Amino acid sequence: MITFDDVTLTHPDGAGRVTALDRVHLDVLDGAVTVLTGPSGSGKSSLLAVAAGLVRPDSGRVLLDGHDVARLSPSAAASLRRGRIGVVFQQANLLPSLTVRDQLLVMGELGVVAGGRRRRRRELRERADALLAEVGLDGSGRRRPHQLSGGQRQRVAIARALVHAPSVLLVDEPTSALDSERAAEVVELLVHLTRERRTATLLVTHDLDRLDDVAGLERVVRMRDGRIEAPLPRRAAAQA
Ligand SMILES: Nc1ncnc2c1ncn2[C@@H]1O[C@H](COP(=O)(O)OP(=O)(O)OP(=O)(O)O)[C@@H](O)[C@H]1O
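A quick note: this is a predicted structure, and the numbers were derived from the prediction, not measured. (Residues numbered from 1 in each chain as written. Predicted model: local features only at pLDDT ≥ 70, side-chain atom pairs only at ≥ 80, totals over all residues. Heavy atoms only, no water.)

A. Highlighting the site of the ligand. By nearness alone, every residue bordering the ligand is listed as His11, Pro12, Val18, Ala20, Pro39, Ser40, Gly41, Ser42, Gly43, Lys44, Ser45 and Ser46. At a separation of 3.3 Å, a nitrogen atom of the ligand approaches a polar side-chain atom of His11. Ser40 has a polar side-chain atom sitting 2.6 Å from an oxygen atom of the ligand. Grouping the amino acids of the shell around the ligand by side-chain chemistry returns four nonpolar, seven polar and one charged. (Near = heavy atom within 4 Å. Polar contact = N/O pair within 3.5 Å; in protein donor to acceptor, adjacent residues only side chain to side chain. Nonpolar A, V, L, I, M, F, W, Y, C, P; charged D, E, K, R; others polar.)

Written out as structure tokens, the structure reads:
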């Protein structure tokens, strides 16, 4: 679970400062996808960056499984990120020369080192293969990114983000490069994996209306001017 408790973040802006997050309170619960939407500049990326420990807020607490990410040193934040957080970006960002399976194994090894756990390689390989099957890429482990469709690449990115068994999944506009049908499939997959693995998933999207038919996105929060508006029913949030 991630808890944002009274989190404020400002950036320098000419002579003054611009407020990206303004006293944000939000719980991202385990086993559910919390959708974060809102207009450009409302603070969505800033909230993800703070959750990932990439940016330190001016004030407030960001609790990730009880650790205050906002107070950690940069190296401790990096270690927490590698051990407990999975991230999926707008583009899949796969390494062109690696096979699908190796994309997962490389990330898994990083998590193993960072977490100081002696997870055996065989275990990691089994985990990678199980994840590839779960995201519908059973049998594609030897392919390389250029042999995959956009939706398949994004599925690899999702599997890679989960291979070290993070408790938190941060997802930034994962569907912007996909058509509506593929977009819905990718988000359905995220809902399924989130429930099954009990991750606390925070999904940023600006086009909520494209996800109208996806079940399991009950929790939608909308940002405006750095603030979280009260959680809204999904249709109302899409129209606001
Ligand atoms: N590094 C920075 N320096 C100065 N201002 C910044 C910086 N990063 C973000 N901002 C400002 O903080 C506010 C929130 O930006 P943020 O990128 O979090 O919004 P967003 O909702 O993710 O927007 P988008 O949907 O366009 O990605 C905006 O006013 C933006 O201009």
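B. View of the sheet that holds strand 7 (residues 168-172). On the basis of which strands lie adjacent, the open sheet formed by six strands has the order 6-7-8-3-9-10 and mixed pairing. Only two strands of the sheet have a single partner each, and these edge strands are strand 6 (85-88) and strand 10 (227-228). Where strand 6 lies against strand 7, four bridges are found, and the strand directions are parallel. Paired with Ile85 across the strands is Val168, a residue of strand 7. Taken strand by strand, helix 1 (residues 44-51) contacts strand 3 (32-37), strand 6, strand 7, strand 8 (200-204), strand 9 (219-224) and strand 10, and its axis lies near 150° from that of strand 7. (Pairing = 2+ DSSP bridges. Helix = DSSP H or I, 4+ residues; strand = E, 2+ residues; numbered from the N terminus. Contact = heavy atoms within 4.5 Å. Axes fitted to C-alpha atoms, helices over the stretch in contact; angles between N-to-C directions.)

C. Quick look at the sheet that holds strand 5 (residues 67-68). Within the open sheet, the four strands sit side by side as 2-1-4-5. Their pairing is antiparallel. At either end of the open sheet lies a strand with only one pairing partner, and these are strand 2 (16-28) and strand 5. Packing of helix 1 onto the sheet brings it into contact with strand 1 (2-13), strand 2 and strand 4 (59-64), and relative to strand 1 it is tilted by some 115°.

D. Fine view of the nonpolar core. Of all hydrophobic cores here, the largest spans 39 residues; its most connected members are Leu104, Ile158 and Leu217. Among the elements of the structure, strand 3, helix 3 (100-115), helix 4 (121-134), helix 5 (150-162), strand 7 and helix 6 (180-197) are those that each provide at least two residues to this core. Here this core gets eight residues from one element, more than from any other, and that element is helix 6. Filtering out sequence-adjacent residues up to four positions away, Leu104 remains in contact with Ala128, Leu131, Leu132, Val156, Ala159, Arg160 and Val163. Among the nonpolar cores identified, the runner-up in size contains 28 residues, and Ala20, Val24, Leu48 and Met223 belong to it. (Core = buried A, V, L, I, M, F, W, Y, C linked by side-chain atoms within 4.5 Å. Buried < 20%, exposed > 50% of the residue type's maximum accessible area, 1.4 Å probe, protein only.)

E. The pairing of strand 3, seen in detail. The element strand 3 is extensively covered by neighbouring structure, given that five of its six residues are classed as buried. Here strand 3 runs beside strand 9; their pairing, made up of four bridges, is parallel. For Leu36, the partnering residue across the bridge sits in strand 9 and is Val221.

F. Layout of the pattern of salt bridges. Throughout the structure, instances matching the rule amount to 11 salt bridges. Among the salt bridges present, the one from Arg182 reaches Glu185, with a minimum N-O distance of 3.4 Å. Pair noted here: Arg182 and Glu185 are both in helix 6, with a separation of three residues, about one helical turn. Assessed through its relative accessible area of 30%, Glu185 is described here as partly exposed. (Salt bridge = Lys/Arg side-chain N within 4 Å of Asp/Glu carboxyl O.)

G. Expanded view of helix 2 (residues 74-84). Turning to helix 2, its buried residues number three or more, namely Ala77, Ala78, Leu80 and Gly83. On its buried face, helix 2 is in contact with strand 4, strand 5 and strand 6.

H. Summary view of the side chain of Thr201. Tracing the sequence through the fold places Thr201 in strand 8. A polar atom in the side chain of Thr201 sits 2.8 Å from the side chain of Thr194. Apart from the residues within four sequence positions on either side, Thr201 is in contact with Val28, Leu29, Ala32, Val33, Thr34, Leu169, Val171 and Thr194.

I. Quick look at the side chain of Thr199. The topology assignment puts Thr199 in the loop between helix 6 and strand 8. With residues up to four places along the chain from it excluded, the contact list for Thr199 reads Leu29, Asp30, Gly31, Ala32, Leu162, Pro166, Ser167, Leu169 and Thr194.

J. Quick peek at the environment of Arg197. Tracing the backbone shows Arg197 in helix 6. We classify Arg197 as partly exposed; its relative accessible area is 29%. When neighbours within four sequence positions are excluded, Arg197 is seen to be in contact with Leu131, Glu134 and Leu162.

K. Quick peek at the pairing of strand 7. Among the five residues of strand 7, five are classified as buried, and the element is accordingly described as predominantly covered. Residues Val168, Leu170 and Asp172 point to one face of strand 7 and Leu169 and Val171 to the other, with burial holding for every one of them. Bridging between strand 7 and strand 8 involves five bridges; their strand directions are parallel. Paired with Asp172 across the strands is Val204, a residue of strand 8. Handedness of the crossover is the feature at issue here: the chain leaves strand 7, passes through helix 6, returns alongside strand 8, and the resulting connection is right-handed. (Right-handed = clockwise from strand over helix to strand, strands pointing away.)

The quantities given are spatial measurements derived from coordinates; they are silent on function.
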